[in-house]
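Examining the three-dimensional arrangement
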Amino acid sequence: MDRAEALRSIRYDMLEYIQQKVKVDFDHTRQIPVSFTFKGKNYTVGDVLSRFKTQENHWANAFLVCSKYDEVYFLYFHLWDLSHQGPIQKGYWVLRFRILSDRELMALYREERKMMVNITLKRVSDFHGHLCPDLVLGGKFCEYAQKLLSSRGELDGGISIIAENCTSALDAIQIMLGATVGNQRLQVMDFGKHSYTFLSKNAETGFRLSLKPQYYGDEDEYNRLEQKIMNNQAVLEDVVQFQKLLDCRVKQLLNLPPEELFTVERIELVQRPTETASIFLTCCRCGEQVLKSRKIDYQGGTYCISCFQKKNVSSVHHTLQ
């Protein structure tokens, strides 16, 4: 069960309430629980899905954890003295609830916590780990690119793409179109924009798709909750509500045809990425190997980008993509 499904389960009350004191082995360095004991059985924490507060004016003391048996629990540290702000907190751990597994729910209720998508996008979300708005936008771009190339009889599997962001959308592109960073048919120039230039193998012109402004009607609440989560100021209700907003955005994007999401611009042929053999040279400063295409020659020496930047020469910036 991923984080999104767990939060949907809380929203729909698909829970077994426990509310019992438990013994917790807490890693103070990483500030996360690593195991807990409940009814004489020890549960190892395989992953911390989320952390948040139980009180608005205190530190993050609650955790949504997944055991190594794929069971999801809610743990929190109950503070005896909420006014105490010192490094040593007095209180005890409570196991509040467990999220019911698929086998414990009727099929109808299981579907409520899963976003129902087509097989292709399901394969993409399985690869990526969850379904999110950026991943859907990547899928919609791929759908549009295939449609444009198919209409011109150029859908031959040899698509080269320049993406102007480094979001989840790239996973959709790599799965659906087969253009990857590794085969050098996907180049990334992270300008933070959902804009994509693509060319088919034998075409003389290509297309650039750019995302149109999107309005969801929840921008103020979304931005407020996102900021609270990023600053570790969120309580459980905030995290659950934020997931609800994400789900609403995903559903809205899924229901829109790609033509309503992107503007299309025809472009002249640009140099398309080609896969080349890796040639490495040695950086004269750190002694490590660096790709020939990424090395910098300066005053008779060969430098990797990081070593060259350390020399603080003329504030030159290079993008590692």
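Since the model is a prediction, treat every value here as computed from it, not as a measurement.

**Examining the sheet that holds strand 1 (residues 15–27)**
- Taking strand neighbours around the barrel as the criterion, the 6 strands line up as 1-2-3-4-5-6 in a closed arrangement whose pairing is antiparallel. Direction aside, neighbouring strands of the sheet carry axes that sit 40 degrees apart on average.
- Pairing of strand 1 with strand 2 (residues 32–38), which is carried by 5 bridges, proceeds in the antiparallel orientation. Across the sheet, Asp-27 pairs through a bridge with Ile-32, a residue of strand 2.
- Seen against the sheet, helix 7 (residues 236–254) touches strand 3 (41–52), strand 5 (72–79) and strand 6 (91–99) and runs at an angle of roughly 70 degrees to strand 3.

**Quick word on the packing of aromatic side chains**
- A full pass over the atoms with the stated rule returns 20 aromatic pairs.
- Here the aromatic rings of Phe-36 and Tyr-43 are separated by 5.0 Å at their centres, their planes lie at 5 degrees, and the arrangement is stacked.
- Its relative accessible area of 9% is what places Tyr-43 among the buried residues.
- With centroids separated by 6.1 Å and ring planes inclined at 40 degrees, the aromatic side chains of Phe-63 and Trp-93 adopt a geometry described as tilted. Of this pair, Phe-63 sits in strand 4 (residues 62–67) while Trp-93 sits in strand 6, placing them 30 residues apart in sequence. One exposure class covers both Phe-63 and Trp-93, and it is buried.
- Ring pairs connect the aromatic residues Tyr-17, Phe-52, Phe-74, Tyr-76 and Phe-97, which therefore count as one cluster.
- It is Arg-249 that lies over the ring of Tyr-222; its NZ or CZ is 3.6 Å from the centre.

**Considerations on helix 5 (residues 169–176)**
- With 6 of 8 residues buried, helix 5 is to be regarded as a mostly interior element.
- For helix 5, every residue scored as buried is listed here: Ala-169, Leu-170, Asp-171, Ala-172, Ile-173 and Met-176.
- In this structure, the buried residues of helix 5 make contact with helix 3 (119–128), helix 4 (133–151), strand 7 (160–163), strand 8 (186–188) and strand 9 (195–199).
- Immediately downstream of helix 5, the backbone of Gly-178 shows phi near 75 degrees, a positive value.

**With respect to the packing of helix 1 (residues 3–11) against helix 7**
- Where helix 1 meets helix 7, the closest approach of the two axes is 9 Å, and the angle between their N-to-C directions is 110 degrees. When the interaxial angle is binned, helix 1 and helix 7 end up roughly perpendicular. Helix 7 is crossed by helix 1, and the crossing has left-handed handedness. Contact residues: Arg-3, Ala-4, Leu-7, Arg-8, Ile-10 and Arg-11 in helix 1; Leu-236, Val-239, Val-240, Gln-243, Lys-244 and Asp-247 in helix 7.

Procedures and definitions
- Residues numbered from 1 in each chain as written.
- Predicted model: local features only at pLDDT ≥ 70, side-chain atom pairs only at ≥ 80, totals over all residues.
- Heavy atoms only, no water.
- Pairing = 2+ DSSP bridges.
- Helix = DSSP H or I, 4+ residues; strand = E, 2+ residues; numbered from the N terminus.
- Axes fitted to C-alpha atoms, helices over the stretch in contact; angles between N-to-C directions.
- Contact = heavy atoms within 4.5 Å.
- Phe/Tyr/Trp six-rings, centres within 6.5 Å; stacked < 30°, edge-to-face > 60°.
- Buried < 20%, exposed > 50% of the residue type's maximum accessible area, 1.4 Å probe, protein only.
- Lys NZ or Arg CZ within 6 Å of the ring centre and 35° of its normal.
- Parallel < 35°, antiparallel > 145°, perpendicular 65-115°, else oblique.
- Left-handed = near helix turned anticlockwise from the far one by under 90°.

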